Amino acid sequence: MLQGTLIYGFINSVVLMLVALGFSVTFGISGVANFAYGALYVMAGYLSWLGLHSLGLPYWLAAPGAVAITAGVAAMIYWFILLRVRGLVVSEVIATFGMGLAILELFRYLGFIGFEYTLPPLIDASVMIGDTYVDAQRLCIVGAGILLAAFLWFFTHYTKTGLAFRGIAQDERTALTLGINADKVAAWSVAFGAGYAALAALVILPLGTIAVNEGYNVLVNALAVCIVGGLGSTVGIIVASFLIGFAQILTATYLETSWMMLVSLVAILAILVIKPSGLFGHQKQLEERI
Amino acid sequence: MSEKTILQAQDLSKNFGGVKAVDGVSFSLRRNEVLGVIGPNGSGKTTLANLITGFVKPSRGKVIFDGKNITGMAPYKVADLGIARSFQMVKPFYQLPAFKNLNVALLSPRLRRLSGGRFGDRDAMAKDLLEEVGFERDSWVITHQAASLPHGYLKRLELAKCMALQPEIIVLDELFSGLSLAEVASMVPVIEKLVAQGKTLVMIEHRLKELFRIADRVIVLNFGQKIAEGVPAEVMEDPQVRGAYLGSEAEE
């Protein structure tokens, strides 16, 4: 049982990390807290389902298509809505949250409810690790999590666009003086984050059904990880994912499965009381320097 | 506008609520000139820099750069056209190593254009620039996070960042503030070299002695208005300037 708890705790942690990476990347670069994040995640799921079942597309077309459209929608949300309220944090939150509600409730209104809304697993098999059964899809999730985190690191540290992203993230004003178009980079960052959400959706959603409520859960989990880890800090995201991920699985194993969501909420509350900037948040220190 | 004029401010004004931060300021800047902007605290110097570089949109007036109206243009576009600026409060990318700070500038669309798409070895270019402003090329300093550098180094980094853009004009907002006498003394030759290379500079300064050594011409602001303009020695004789600016300094 302990072995199973460890394995599933690890997998659950990677799921949380996958879900939080996109939210964190957008916030880290452009300071936009994208509350439509959960909705974009679910949208990617439905789009890819529509591609597969309504349009009859093969998986290799439907899945990347869904990712691209989701990223495109996110970029448009930035360009047509967020650009107008840029810098007004409360308005940004209301605008993205409103968009998220609109997207999610539209799917509900259109009748996207039921068990038929599922995505196929990448590999339909299961393996034994020690004496615990693990289905291959969960291993795919772990693989995808490691790949996406590694790609993010490589991208921000070794590419031109990545360096511009980090520049904007660290000081938008200075980036502007160097001729970098901050709004264009911010739009990219929102699209990039949404693309990450879509990729996460494609590997995680095959474990269950695509449901509107999943959008709210994903947003809560992403927020919990980012708040506990410190917004914008990649190391923080990884550490917080594992803290909350294992806490959730331990709760499910030894207490009640239905309490899993509570763990995220309690984690948010606890960190806000103890260390509001998060475990690895560095915004505070920087402000003090200046 | 004469052929030598590179920048012209016409009746530039900015109101913040009821406060006239800059009030009808006009001046022109000749190519390869060093223009000093002085005045007491709150006289509108930084707002003037912000108006020129696009960080603040003017309430009235125009900015003409190289025959082109750039009034109210976005800051990144102004930078792209060739006006670099530094900030009074240093604004490096704190979590990048010093030389990587310059890489961001070296990747800008302007540099891509100027170099014809051939960037070459950016790390080496960044290190060249840092050497020009007085960093030791092989020291550990340039590979450390900017956050760990002392103020004097960050000021140099700020200047190097402006230079990296290969601009026509550099607007320096109190580059010398917070530096020791020795540090300023070591910066002056760097500025003189820039002038020798044909750059045009606008220097907002409180350190008058050093400024006057470099500046060809000075304009004096007080309560947002230009109260004097001329060569440094002349301006200092102006009774209005003495009253507004030097008078207040003498009292301190």
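Cut-offs applied
Residues numbered from 1 in each chain as written. Chains lettered and ligands numbered in written order. Predicted model: local features only at pLDDT ≥ 70, side-chain atom pairs only at ≥ 80, totals over all residues. Helix = DSSP H or I, 4+ residues; strand = E, 2+ residues; numbered from the N terminus. Rg over C-alpha atoms; globule rule 2.2 N^0.38 Å. Buried ≥ 20, exposed ≤ 12 C-beta atoms within 10 Å, placed from the backbone. Contact = placed C-beta atoms within 7 Å. Expected span 1.5 Å × (residues − 1). Nonpolar A, V, L, I, M, F, W, Y, C, P; charged D, E, K, R; others polar. Pairing = 2+ DSSP bridges. Axes fitted to C-alpha atoms, helices over the stretch in contact; angles between N-to-C directions. Parallel < 35°, antiparallel > 145°, perpendicular 65-115°, else oblique. Left-handed = near helix turned anticlockwise from the far one by under 90°. pLDDT = per-residue confidence, 0-100. Core = buried A, V, L, I, M, F, W, Y, C linked by C-beta atoms within 7 Å. Arc of directions from axis to C-beta.

Just checking my understanding: could you explain the overall build of chain B for this structure?
The secondary structure content of chain B amounts to 10 helices and 10 strands. In summary, chain B has a C-alpha radius of gyration of 18 Å against a globular reference of 18 Å for 252 residues, a match within 12%. Across its three principal axes, chain B shows a C-alpha extent of roughly 50 × 40 × 35 Å.

Would you explain the overall build of chain A in this entry?
For chain A, the count of helices and strands is 12 helices and 2 strands. Mapped in sequence order, the helices and strands of chain A form the string α-α-α-α-β-β-α-α-α-α-α-α-α-α. The C-alpha radius of gyration computed for chain A amounts to 19 Å, which stays within 12% of the reference 19 Å derived for 290 residues, consistent with globular compactness. If you line up chain A on its principal axes, its C-alpha atoms span 55 × 45 × 35 Å. When the 290 residues of chain A are sorted by exposure, 49% land in the buried category. In chain A, of all internal contacts separated by at least 6 residues, the share reaching a separation of at least 24 is 75%.

Got a minute to help me understand helix H8 (residues 182-204) of chain A in this structure?
With 23 residues, H8 of chain A extends 32 Å from end C-alpha to end C-alpha; this agrees with the ideal 33 Å at 1.5 Å per step. Where burial is concerned, most of H8 of chain A is hidden: 21 out of the 23 residues are buried.

Where do I start with the interface of chain A and chain B in this structure?
How big an interface is tends to be stated in terms of the accessible area lost upon association of its parts. With 20 residues of chain A at the contact, the number on the chain B side is 22 residues. Within the residue set of the side of chain A that touches chain B, elements represented by two or more residues are helix H6 (160-170), helix H7 (172-177) and helix H12 (283-289) of chain A. In terms of residue count, H6 of chain A provides more of the side of chain A that touches chain B than any other element does, 6 residues in total. For the side of chain A that touches chain B, the per-class residue count stands at 9 nonpolar, 6 polar and 5 charged.

It is not clear to me how the sheet that holds strand E4 (residues 60-65) of chain B should be interpreted in this structure. Could you clarify?
What holds strands together in a sheet is hydrogen bonding between their backbones, with the strands either parallel or antiparallel. All names here are of chain B. As summarised here, the arrangement of the 4 strands in space is E2-E1-E4-E5, forming an open sheet in which the pairing is antiparallel. Among the strands making up the open sheet, the edge pair consists of strand E2 (19-30) and strand E5 (68-69). Of the pairings in the sheet, the one linking strand E1 (residues 5-16) to E4 comprises 5 bridges and is antiparallel in character. Its bridge partner being in E4, glutamine 8 is matched across the sheet by isoleucine 64. Contacts from helix H1 (residues 45-53) reach E1, E2 and E4, with the element oriented near 60 degrees to E2.

Looking at this model, I keep getting lost on the packing of helix H3 (residues 98-106) of chain B against helix H6 (residues 151-164) of chain B. Mind explaining?
Describing two packed helices takes the angle between their axes plus the distance from one axis to the other. All names here are of chain B. Two elements in contact, H3 and H6, have axes whose closest approach is 9 Å; the angle formed by their N-to-C orientations is 25 degrees. Between H3 and H6, the crossing angle belongs to the class labelled roughly parallel. For the crossing formed where H3 meets H6, the hand is right-handed. Along its contact with H3, which presents Ala98, Asn101, Leu102, Ala105 and Leu106, the element H6 presents Leu157, Ala160, Lys161 and Ala164.

Would you mind showing me how to read the sheet that holds strand E3 (residues 34-38) of chain B here?
All names here are of chain B. Spatially, 6 strands are ordered E6-E7-E8-E3-E9-E10 in an open sheet, and the strand pairing comes out mixed. What marks the edges here is a single partner per strand, and that holds for strand E6 (83-85) and strand E10 (225-230). Here the average twist between neighbouring strands, direction ignored, is 20 degrees. The pairing of E6 with strand E7 (residues 169-173) spans 3 bridges and is classified as parallel. Its bridge partner lying in E7, isoleucine 83 is registered against isoleucine 169.

How should I be thinking about the confidence of the model for chain B in this particular structure?
Residue and element names in this part refer to chain B. Looking at chain B, pLDDT values average 87 and 95% of them are 70 or higher. Mean pLDDT values for the elements of chain B range from 66 in helix H10 (residues 239-251) up to 94 in strand E8 (residues 200-204). Both scores are available for the predicted complex, with the pTM at 0.81 and the ipTM at 0.81.

Any chance you could explain unusual backbone geometry here in plain terms?
In most cases, non-glycine residues show a negative phi, while peptide bonds are predominantly trans. Not every positive phi belongs to a glycine, and asparagine 32 of chain B is a case in point at roughly 65 degrees. Structurally, asparagine 32 of chain B can be placed in the loop between E2 and E3.

Would you mind showing me how to read the packing of helix H5 (residues 136-158) of chain A against H6 of chain A here?
All names here are of chain A. Axis separation between H5 and H6 bottoms out at 5 Å; the angle between their running directions is 85 degrees. With respect to their mutual orientation, H5 and H6 come out roughly perpendicular. Together, Phe155, Thr156, His157 and Tyr158 of H5 and Gly162, Phe165 and Arg166 of H6 make up the contact between the two elements. Taken together, the residues of the contact of H5 with H6 break down into 3 nonpolar, 3 polar and 1 charged.

What is the right way to look at the nonpolar core in this model?
One broad trend across soluble globular proteins is that nonpolar side chains are buried collectively. Residue and element names in this part refer to chain A. Membership of the largest hydrophobic core comes to 172 residues, with the highest contact counts inside it found for Leu40, Ala44 and Ala198. No other element matches H8, which puts 18 residues into this core. With near-sequence residues (within four places) excluded, alanine 198 lies in contact with Leu40, Ala44, Ala66, Val67, Thr70 and Ala71.

Sorry if this is basic, but what is going on with helix H11 (residues 260-274) of chain A here?
Every α-helical turn comprises 3.6 residues, leaving residues that sit three or four positions apart pointing alike. Residues and elements named next belong to chain A. Over its 15 residues, H11 extends 22 Å from the first C-alpha to the last, a length consistent with the 21 Å expected when each residue adds 1.5 Å. All of the buried residues along H11 are Val263, Ser264, Ala267 and Ile271. All buried residues of H11 fall inside an arc of 95 degrees around its axis, so they share one side. With respect to the buried face of H11, the exposed residues turned more than 90 degrees away are Leu265, Leu269 and Val273. Against the buried residues of H11 lie helix H9 (212-229) and helix H10 (234-254).

Explain the environment of alanine 66 of chain A here, please?
All names here are of chain A. Its place among the elements puts alanine 66 in helix H3 (residues 59-85). Once the C-alpha coordinates of alanine 66 and tyrosine 254 are considered, the two residues, 188 residues apart in sequence, prove to be 38 Å apart. The residues touching alanine 66, leaving out its near neighbours within four places in the chain, are Ala44, Leu47, Ser48, Gly51 and Ala198.

Looking at this model, I keep getting lost on the pairing of E10 of chain B. Mind explaining?
Within a regular beta strand, the side chains point alternately toward one face of the sheet and then the other, so they alternate between its two faces. All names here are of chain B. Sheet topology places strand E9 (residues 217-222) next to E10; 5 bridges connect them, and they run antiparallel. Paired with leucine 221 across the strands is lysine 226, a residue of E10. Between E9 and E10, which follow one another and run antiparallel, lie 2 residues, and phenylalanine 223 among them has a positive phi close to 45 degrees.

Is there a simple way to think about the pairing of E4 of chain B in this case?
Bridge count between E4 of chain B and E5 of chain B: 2 bridges; the pairing is antiparallel. By the bridge assignment for E5 of chain B, isoleucine 64 of chain B is matched with asparagine 69 of chain B.

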